[in-house]
Amino acid sequence: GAVVSQHPSRVICKSGTSVKIECRSLDFQATTMFWYRQFPKQSLMLMATSNEGSKATYEQGVEKDKFLINHASLTLSTLTVTSAHPEDSSFYICSAARGTYEQYFGPGTRLTVT
Amino acid sequence: SQQGEEDPQALSIQEGENATMNCSYKTSINNLQWYRQNSGRGLVHLILIRSNEREKHSGRLRVTLDTSKKSSSLLITASRAADTASYFCATDREKDTGRRALTFGSGTRLQVQP
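Every chain's residues receive numbers from 1 upward, in the order its sequence appears when written. Following the order in which they are written, the chains are lettered starting with A and the ligands numbered starting with 1. Given that the model is predicted, a residue must reach a pLDDT of at least 70 before its local features are reported, and side-chain atom pairs must reach 80 or more before they are shown or counted; all residues, however, enter totals for whole chains, interfaces and linings. In computing side-chain properties, one takes all heavy atoms of the structure into account and sets aside hydrogens as well as water.

K.L.:
Just checking my understanding: could you explain the overall build of chain A for this structure?
P.N.:
Along chain A, the regular secondary structure elements total 0 helices and 11 strands. Strands here mean DSSP runs of E at least two residues long; helices mean DSSP runs of H or I at least four residues long; both are numbered from the N terminus. Tracing chain A from N to C terminus, the helices and strands come up as β-β-β-β-β-β-β-β-β-β-β. Computation of the radius of gyration draws on C-alpha atoms alone. For the globule rule, the value is 2.2 Å times the number of residues to the power 0.38. Computed over C-alpha atoms, the radius of gyration of chain A comes to 13 Å, within 12% of the 13 Å expected from 2.2 N^0.38 for 114 residues, which places it in the range of a compact globule. Throughout this description, buried means an accessible area under 20% of the type-specific maximum (1.4 Å probe, protein chains only), exposed means over 50%, and partly exposed covers the range between. Across the 114 residues that make up chain A, the buried fraction comes to 51%. Taking contacts inside chain A between residues at least 6 apart in sequence as the whole, the part at least 24 apart equals 53%. Accessible areas in this description were obtained via Shrake-Rupley with a 1.4 Å probe; residue shielding takes into account the shown protein chains only. As presented, chain A carries roughly 5600 Å² of accessible surface, and 50% of it is formed by carbon and sulfur atoms. Only four residue types enter the charge count: Lys and Arg as positive, Asp and Glu as negative, with His and the chain ends excluded. Charge coordinates come from a single atom per side chain, which is NZ of Lys, CZ of Arg, CG of Asp or CD of Glu. Side chains of chain A carry 11 positive and 9 negative charges; the gap between the two charge centres is 6 Å. Here a residue-residue contact requires only that any non-hydrogen atoms of the pair lie within 4.5 Å.

K.L.:
Is there a simple way to explain the overall build of chain B in this structure?
P.N.:
A count of helices and strands for chain B gives 0 helices and 11 strands. When the helices and strands of chain B are read in sequence order from the N terminus, they spell out β-β-β-β-β-β-β-β-β-β-β. The buried share among the 114 residues of chain B stands at 46%. Pairs at least 24 residues apart make up 55% of the contacts formed inside chain B by residues separated by at least 6 positions. Of the roughly 5500 Å² of accessible surface on chain B, 43% is carried by carbon and sulfur atoms.

K.L.:
It is not clear to me how the confidence of the model for chain B should be interpreted in this structure. Could you clarify?
P.N.:
It should be kept in mind that the predicted coordinates are not to be read in detail where pLDDT is low. Each residue carries a pLDDT score, the predictor's confidence in it, ranging from 0 to 100. For chain B, per-residue confidence averages 89 on the pLDDT scale, and residues scoring 70 or more make up 89% of the total. The secondary-structure element of chain B with the lowest mean pLDDT is strand E1 (residues 5-7) of chain B, recorded at 80, while strand E7 (residues 61-66) of chain B shows the highest, at 98.

K.L.:
What am I meant to see in the nonpolar core here?
P.N.:
In globular proteins that are soluble, nonpolar side chains generally tend to be buried together. What we call a nonpolar core is a set of buried Ala, Val, Leu, Ile, Met, Phe, Trp, Tyr and Cys residues that are connected through their side-chain atoms within 4.5 Å. Residues Trp35(A), Tyr58(A), Phe67(A), Ile69(A), Leu79(A), Tyr92(A) and Leu111(A) are the most contacted members of the largest nonpolar core, which totals 26 residues. Sorting the residues of this core by element identifies strand E2 (10-13), strand E3 (19-25), strand E4 (32-38), strand E5 (44-51), strand E7 (67-73), strand E8 (76-81), strand E9 (90-98) and strand E11 (109-113) of chain A as the ones contributing at least two each. Leave out the neighbours within four places in its chain, and Leu79(A) touches Val19(A), Lys20(A), Ile21(A), Trp35(A), Phe67(A), Leu68(A), Ile69(A) and Tyr92(A). Judged by nonpolar contacts, the second largest core, of 21 residues, contains Ala19(B), Trp34(B), Ile47(B) and Ile76(B).

K.L.:
How do you make sense of the side chain of Asp92(B) when you look at a structure like this?
P.N.:
All names here are of chain B. Note that aspartate 92 resides in strand E9 (residues 85-94). Its relative accessible area of 2% is what places aspartate 92 among the buried residues. From its side chain, aspartate 92 meets the backbone nitrogen of asparagine 30 in a polar contact 3.1 Å long. Think of a polar contact as two N or O atoms within 3.5 Å of one another; within protein, one of them needs to be a possible hydrogen donor and the other a possible acceptor, and neighboring residues in sequence only count if both atoms come from side chains.

K.L.:
How should I be thinking about the layout of surface pockets in this particular structure?
P.N.:
Definitions used throughout: a 1 Å grid over protein atoms alone; a cavity as a set of points that fits a 1.4 Å probe which cannot get out; a pocket as an open set with protein on both sides within 12 Å along at least five of seven lines; a lining residue as one with an atom within 4 Å of a point. Grid points are joined across faces, edges and corners, and a volume is the space filled by probe spheres set on the points. In this structure, the largest pocket occupies an estimated 450 Å³ of space. Every residue lining the largest pocket is counted, 23 residues in all, and those nearest its centre are Lys41(A), Gln42(A), Gln37(B), Ser86(B) and Arg109(B). Examining the composition of the lining of the largest pocket, we find that 4 residues originate from one element, strand E11 (residues 108-113) of chain B, more than from any other. Just so you know the grouping, Ala, Val, Leu, Ile, Met, Phe, Trp, Tyr, Cys and Pro go in nonpolar, Asp, Glu, Lys and Arg go in charged, and all remaining residues, Gly too, go in polar. Classifying every residue of the lining of the largest pocket gives 6 nonpolar, 14 polar and 3 charged.

K.L.:
Got a minute to help me understand the interface of chain A and chain B in this structure?
P.N.:
Many descriptions give the size of an interface as the accessible area lost when the pieces come together. Taken together, the contact between chain A and chain B spans 22 residues of the former and 24 residues of the latter. Note: buried area is the sum, over both parts, of the accessible area (probe 1.4 Å) each one loses when the two are combined. Together chain A and chain B conceal approximately 1700 Å² of surface at their shared face, both sides included; 54% is due to carbon and sulfur atoms. The term salt bridge refers to a pairing of a side-chain nitrogen on Lys or Arg with a carboxyl oxygen on Asp or Glu at a separation within 4 Å. Between chain A and chain B we count 0 salt bridges in total. The interface formed by chain A and chain B holds 4 residue pairs in polar contact (both at pLDDT 80 or more) in total. Going through the elements one at a time, E4, E5, E9 and strand E10 (102-105) of chain A are the ones with two or more residues in the side of chain A that touches chain B.

K.L.:
Any chance you could explain the packing of aromatic side chains here in plain terms?
P.N.:
Any aromatic ring pair is given by two values, namely how distant the centres are and how the planes are angled relative to each other. What counts as a ring pair is set by centres within 6.5 Å for rings of Phe, Tyr and Trp (its six-membered ring), and what kind of pair is set by the plane angle: stacked under 30 degrees, edge-to-face over 60, tilted for all other angles. In total, this model carries 8 aromatic pairs over all chains according to the counting rule given. Summarising the aromatic geometry, the rings of Phe105(A) and Phe104(B) are spaced 5.8 Å apart at their centres and angled 75° between planes, so their arrangement reads as edge-to-face. Taken as a pair, Phe105(A) in strand E10 and Phe104(B) in strand E10 (residues 100-104) lie in two separate chains rather than in one. Comparing Phe105(A) with Phe104(B), the two get one shared label, buried. An aromatic cluster of at least three residues, connected via ring pairs, comprises Tyr36(A), Phe105(A), Tyr35(B), Phe88(B) and Phe104(B).

This is the structure in structure tokens:
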């Protein structure tokens, strides 16, 4: 089966610093990856669609200058939370699209901003 | 409001009983998927049902889809303590660029008592 990894699995950073989260499709190529955010006991909310070789498409209300997405290769997308604040603390999950309907989710990254 | 509302929000049953979760959505879809999430973990894909299908089975899982009512249900039969998790429905939606993203329901937290 298709495997998607995320690194790191959890990170604690100080307010004002930047954090980079990696999403990798380990055994397939993904031209499209998605980044979701999940607050405690809530559902997943799509943040942006990451397209290999082009700019990401952000959902309404998501600051593109704060959440930088780079999809430099067919197996790697990165999400950088810039100048993180405590309200950015959340669970960030990526998924990689394969075929027409299939999406495979990473295990998530728990970000805590102190 | 969010595409994909689920009820109940929380469900507690005894081991061996059946668990039924419902999901409603608002727009037309190509398919509907159900996912499971253990606390603080990533998503596990359970089953996908296409818009032209009415019912689908996978092991102890049974999913129905009623496109006229824009609703779906997930039935877990003979539940086990290990089924304790949050369950989310997700609908795909065609983005302007043709790339698909998933819209998740609010989720049902299932607790199976041993």
